[in-house]
Amino acid sequence: MRGFKATLLTGRSLKQGMGKEVSKTSDRYKESVSICEVHPNDMENAGLKEGDLIRVTTKFGSIVVKCVPSDHIPKPGIIFIPYGPYASSLIGISTDSTGMPTFKGASAEVEAAPEEKVLDIKQLLTNLVEE
Amino acid sequence: MAVIEDVVCPICGCVCDDIIVTVEDNKIKKVKNSCSISATKFLNFHKHRLPSPLIKKDGDQIPISLEEAVEKVAKILVNAEYPAIYGLALSSCEAQGLGVELAEEIGGVIDNQTVTCHGPTALGLHDVGMPTCTLGEVRHRADLIVYWGCNPEEAHPRHLKRYSVLSKGRFRKEREERKMVIIDVRKTKSTKQADLFLQIEPGQDFELMSALRVILNFDEIEEESVAGLPIEKVEEFAELLRNCEFGIIFFGLGLTMSRGKERNIDAAVSLVRDLNKWAKFSIIPMRGHYNVTGMNEVTAWQTGYAYAVDLSHGYPWYNPGETSFVDILRRGECDAALIIASDPVAHFPKEIARNLCKIPFAVIDPHPSISSLLADIVIPSAFTGIEAEGSAYRMDAVPLRLKKVLEPPPGIYSDEEIISMILEKIRSMRG
């Protein structure tokens, strides 16, 4: 399976906003934040279908999320993950002396991960504490 | 059954004050005028909540009494060398004021969600000021509305209708009387509302703003494209900016979180300052949490600074990058924390969240958050704006009064009351 390089954007989504108001421990929240929007051309080139699991890796971390095609992605080579613990796994810690990490614009690699699974929130936290 | 009108929404920086809530048997049965996020909160908030104070023991969180929880939190904070109080953007100004007092009492850092949203806006503001106005002025007068690096339809769902292009103002009543421009790196639910959508390359906002200033001030620019846009398109946009009567730029985290950070804000404000040569022009940050603006106001009244304030010297010291919660965790300097109405473990970069988990920390929150699942002590609180009243500042710094429409469950107190208990305990421990 062919992977591809991309620029990672993170941000708000309506589903994420509603999911967090139900509960951060709800399935609705998990489903809203454990996805990655991908340009249809990138999906085609990488042999990915909607709902396939993909591993997104930056130099700061790596996470498995569900692939979602999106015509909101302006062009191939850009991906989008909503704010939340999955996106936060991929963000660097430098703040350029401002207090603000760079949540938008990290270089990422995307590859299919058919044998893996999306961790649930509790597993993510276990890994956070034990890794 | 009671129908309560003019309820103030405790979700985003729009702080809509026209929500109608129907209450029966201390339960919300119906909500009107709310957006989808707000309706989700009003109708579901009670379903997932923390039932009682918890303490971590042998890897599990077990119930304890409120008195014990308050004492444990007080001890954690008093015994720390460099503690921090973080959050409060989802709480009342009254609770925020006590949060600052608590930080002063323990000699720690007080910081809030601004640090990972509009912190760079505050830094830009220090350099160049902020020519701004209220949302009411936008509603009544603006004929050109620019959303730059933000997605109001998903993050502030009623913004367009209440305050901006779709609102019925005193002097601008019809949609046709206003033009709306969106500048963003991707198409969003908001872009279909725009008369003009400028899709730019990620991280190129500063370049576009600089090019616009050159075109506006000197008429020409010797480039074929800027930020991925053909120069003709940039010139066309510059003319639109120059020829309006009352223009406004609303900007979001697309500017503060990407390359350039506070320099993007400096450039945006400088552009707005230039535009006032030709038109009345203002700029307003799209603040996320409903009272993050209030937290900036309250912290500034009490310490002189809006966020990231270090009170460990006995006087306020402010230097984001040094005194910001993210950075004191990053460097492993902070040795205890109290998180109030916030969820940093979900939203901070993983390595920084991990450092928080290495130190003793407590969480005050109405419902389970990602942070609460890992906290040493958890104290459940009332939902401010539903079960507790108080003040909140809208994104344009207009204060509004949050209503209490329900009684909280027995034994559940407001943030304000819980912080008071912790303060009192610390003071009694110190004699």
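From a predicted model like this one, the values you see are computed outputs, not experimental measurements.

About the criteria used
- Residues numbered from 1 in each chain as written.
- Chains lettered and ligands numbered in written order.
- Predicted model: local features only at pLDDT ≥ 70, side-chain atom pairs only at ≥ 80, totals over all residues.
- Heavy atoms only, no water.
- Core = buried A, V, L, I, M, F, W, Y, C linked by side-chain atoms within 4.5 Å.
- Buried < 20%, exposed > 50% of the residue type's maximum accessible area, 1.4 Å probe, protein only.
- Contact = heavy atoms within 4.5 Å.
- Patch = residues over 30% accessible without salt bridge, like charges linked within 9 Å, V, L, I, M, F, W, Y side chains within 5 Å.
- Areas by Shrake-Rupley, 256 points an atom, 1.4 Å probe, with all protein chains shown as cover.
- Salt bridge = Lys/Arg side-chain N within 4 Å of Asp/Glu carboxyl O.
- Lys, Arg positive; Asp, Glu negative; His and termini not counted.
- Charge placed at Lys NZ, Arg CZ, Asp CG, Glu CD.
- Helix = DSSP H or I, 4+ residues; strand = E, 2+ residues; numbered from the N terminus.
- Phe/Tyr/Trp six-rings, centres within 6.5 Å; stacked < 30°, edge-to-face > 60°.
- Lys NZ or Arg CZ within 6 Å of the ring centre and 35° of its normal.
- Buried area = accessible area lost by both parts, 1.4 Å probe.
- Polar contact = N/O pair within 3.5 Å; in protein donor to acceptor, adjacent residues only side chain to side chain.
- 1 Å grid on protein atoms, 1.4 Å probe; cavity = no way out; pocket = protein on both sides within 12 Å on 5 of 7 lines; lining within 4 Å.
- Points joined across faces, edges and corners; volume = space filled by probe spheres on them.
- Nonpolar A, V, L, I, M, F, W, Y, C, P; charged D, E, K, R; others polar.
- Pairing = 2+ DSSP bridges.

**Student:** What is the right way to look at the nonpolar core in this model?
**Tutor:** It is characteristic of soluble globular proteins that their nonpolar side chains tend to be buried jointly. One finds Ile54(A), Val56(A), Ile79(A), Phe325(B) and Leu356(B) to be the most contacted residues of the largest nonpolar core, which totals 72 residues. Not counting the four nearest positions on each side in its chain, Val56(A) is found in contact with Cys36(A), Gly61(A), Ser62(A), Ile63(A), Val65(A), Ile79(A), Ile81(A), Leu90(A), Ala108(A), Glu109(A) and Val110(A). Within the second largest apolar cluster, 43 residues are counted, among which are Met209(B), Ala268(B), Val269(B) and Leu271(B).

**Student:** Before we go on, may I ask you to explain a negative patch on the surface in this structure?
**Tutor:** A cluster of acidic residues, Glu220(B), Glu222(B), Glu223(B), Glu224(B) and Glu232(B), forms a negative patch at the surface. Along the chain, the position of Glu222(B) falls in the loop between helix 8 (205-218) and strand 11 (225-226).

**Student:** Would you take a moment to explain the packing of aromatic side chains for this structure?
**Tutor:** For any pair of aromatic rings, geometry is given as the distance between the ring centres together with the angle between the planes. All names here are of chain B. Tallied over the full model, the rule gives 8 aromatic pairs over all chains. Ring centres 6.2 Å apart and planes at 70 degrees place the aromatic pair Trp-301 and Tyr-393 in the edge-to-face group. Separated by 92 residues along the polypeptide, Trp-301 in helix 12 (residues 292-303) and Tyr-393 in strand 20 (residues 390-393) bring together distant segments of the chain. On the basis of relative accessibility, which here comes to 12%, the residue Tyr-393 falls in the buried class. Aromatic rings pair up to connect Tyr-86, Phe-325 and Phe-348 into one cluster. Over the face of the ring belonging to Trp-278 we find Arg-242, whose NZ or CZ atom lies 5.0 Å from the ring centre.

**Student:** Got a minute to help me understand the interface of chain A and chain B in this structure?
**Tutor:** On the side of chain B, 56 residues touch chain A, which itself brings 48 residues to the contact. Both faces combined, the contact of chain A with chain B buries some 4,500 Å², and carbon together with sulfur accounts for 64% of it. Of all residues in chain A, Glu21(A), Met100(A) and Leu128(A) give up the largest surface area on contact with chain B, accounting jointly for 15% of the area buried on that side. At the boundary of chain A and chain B, one finds 4 salt bridges. Here chain A is connected to chain B by 12 residue pairs in polar contact (both at pLDDT 80 or more). Counting only elements with at least two residues in the side of chain A that touches chain B, the list comes to helix 1 (14-22), helix 2 (27-33), strand 5 (78-82), helix 4 (85-88) and helix 5 (121-130) of chain A. The element contributing the most residues to the side of chain A that touches chain B is helix 1 of chain A, with 7 residues.

**Student:** Teacher, can you tell me more about empty space enclosed by the protein here?
**Tutor:** Empty space left among the atoms is revealed by rolling a probe the size of a water molecule over them. Under the counting rule described, the total for this entry stands at 5 cavities of 30 Å³ or more. Considering only enclosed or pocket space, the largest cavity measures out at about 90 Å³ in volume. Considering the residues around the largest cavity, the lining is formed by Pro85(A), Ser88(A), Ser89(A), Leu124(A), Leu125(A), Leu128(A), Val345(B), Phe348(B), Lys350(B) and Ala353(B). Counting residues per element, the ones that place at least two in the lining of the largest cavity are helix 4 and helix 5 of chain A together with helix 15 (350-357) of chain B. Top element by residues in the lining of the largest cavity is helix 5 of chain A. It accounts for 3 residues. Among the residues making up the lining of the largest cavity, the classes are represented as 7 nonpolar, 2 polar and 1 charged. The computed volume of the second largest cavity comes to approximately 70 Å³. Residue composition of the lining of the second largest cavity, by class: 9 nonpolar, 2 polar and 1 charged.

**Student:** Can you walk me through the pairing of strand 19 (residues 377-380) of chain B in this structure?
**Tutor:** The two faces of the sheet receive side chains in turn, since in a regular strand these alternate between them. Residue and element names in this part refer to chain B. Side chains of strand 19 alternate between two faces, with Ile-377 and Ile-379 and Val-378 and Pro-380 buried alike. Pairing analysis gives 2 bridges linking strand 4 (residues 54-57) to strand 19, with the strands arranged antiparallel. The partner of Ile-55 across the bridge, within strand 19, is Ile-377. In this structure, strand 18 (residues 361-365) lies alongside strand 19, joined through 4 bridges in parallel fashion. Bridge assignment links Val-363 to a residue of strand 19, and that residue is Val-378.

**Student:** What's the story with helix 1 (residues 36-44) of chain B in this structure? I'm lost.
**Tutor:** Quick reminder: α-helices carry 3.6 residues per turn. Residues three or four places apart thus point the same way. Of all 9 residues in helix 1 of chain B, 7 are buried, a share of seventy percent or more. Inspection of helix 1 of chain B places Ile37(B), Ser38(B), Ala39(B), Thr40(B), Lys41(B), Phe42(B) and Asn44(B) among the buried residues, and these make up the whole buried set. Its buried side turned inward, helix 1 of chain B meets helix 1 and helix 2 of chain A together with strand 1 (2-7), strand 2 (19-24), strand 3 (27-32) and helix 6 (152-155) of chain B.

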